[in-house]
Each structure stands twice: as C-alpha cells, then as structure tokens.
Amino acid sequence: MNDRQREYFKNKLLAWKDDILKESKETLAALQEESQNHPDLADRASSETDRSIELRARDRQRKLISKIDAALERISEGTYGYCEETGEPIALRRLEARPIATLSIEAQEAHERREKVYRDD
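What you see is a predicted model, and the numbers here were worked out from it, not measured in a lab.

*Asks:* Explanation requested: the overall build of the protein chain in the structure shown.
*Replies:* When its secondary structure is counted, the protein chain shows 4 helices and 0 strands. What you see in the protein chain, going N to C, is helices and strands ordered as α-α-α-α. When the backbone C-alpha atoms are referred to their principal axes, the protein chain occupies close to 60 × 45 × 20 Å. Per-residue burial for the protein chain yields a buried fraction of 26% across its 121 residues. In the protein chain, the proportion of contacts linking residues at least 24 apart, taken out of those at least 6 apart, comes to 57%. A gap of 2 Å separates the mean positions of the 23 positive and 27 negative side-chain charges of the protein chain.

Encoded structure:
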C-alpha cells in the first residue's frame, strides 16, 4: 500500500468516526429532549422500546469507534492493510468495503468456518 492509499483510508476512517460521533450527539440530545411523561402505558412502553433500540445501536457504534481507532493506529504503525493471520496484503476492494478489516477474505472465511463448526457443537 502506498502513501496515497494510506492517506485515503486514514481520511475515510476519520470521516466515518466523525459521522458516528455527530450522530451520537444528536441521539443524546434527542433522548434528553424527549418527554418522559406519557400518560398512556402503551405510549410509555413504545417510547422505552425505541429508547432501548437506540441505545443498543449507539453501543454498537461505540464498539465500531474503537475498531476505527485501532485501524488508525495500524496506519500510523505501517501495518494497516495486512492480514493479522497470514501477513498477506488485504485486497483494496475489501478495505474499501470494510476499512476496519484486519483479515484477508480467505482468512476471514476460514475464521467463519471454524466459528460455525464450534457453534454447531
């Protein structure tokens, strides 16, 4: 991977992280503004369900931010774009689709096959 490609992925990861953080701030603001006084039990239950779903989504995004930070760290270390298992370069098309990828397609497929075998037991 050349310097231009590393810079491209760094900018892509930073923009993705900024989008996630902006969405999180908007969600928190919306949750704080939302009135908790629902006279109808069904409305209250619906509101609580919506809140729970939103908070689970934010938790997933929090975990995604840590993966983005790890990818940015790999860029600064010079290990970004290489499979953690095989050491082979990860295809640019895979990194374009999933910039936080740490495994090549082949290694990821092998990992998923092993996971499925252990899960079926």
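*Asks:* What is the right way to look at the side chain of serine 104 in this model?
*Replies:* As for its placement among the helices and strands, serine 104 is situated in the loop between α3 (92-97) and α4 (105-120). By relative accessible area, serine 104 is classed as buried at 6%. Apart from residues lying up to four places away in sequence, serine 104 is in contact with Cys83, Thr86, Ile90 and Arg94.

*Asks:* I tried to follow the packing of aromatic side chains on my own but got confused; where do I start?
*Replies:* What characterises a pair of aromatic rings is the spacing of the ring centres plus the angle enclosed by the ring planes. Under the criterion given, the structure shown has 2 aromatic pairs. Judged by centre distance (5.1 Å) and plane angle (75°), the rings of tyrosine 8 and phenylalanine 9 are edge-to-face. Phenylalanine 9 gets classed as buried once you look at its relative accessible area, which sits at 2%. An aromatic cluster is present here, built from Tyr8, Phe9 and Tyr80 joined pairwise through their rings.

Rules used in this analysis
- Residues numbered from 1 in each chain as written.
- Predicted model: local features only at pLDDT ≥ 70, side-chain atom pairs only at ≥ 80, totals over all residues.
- Heavy atoms only, no water.
- Helix = DSSP H or I, 4+ residues; strand = E, 2+ residues; numbered from the N terminus.
- Buried < 20%, exposed > 50% of the residue type's maximum accessible area, 1.4 Å probe, protein only.
- Contact = heavy atoms within 4.5 Å.
- Lys, Arg positive; Asp, Glu negative; His and termini not counted.
- Charge placed at Lys NZ, Arg CZ, Asp CG, Glu CD.
- Phe/Tyr/Trp six-rings, centres within 6.5 Å; stacked < 30°, edge-to-face > 60°.

Read these as geometric descriptors, not functional statements.
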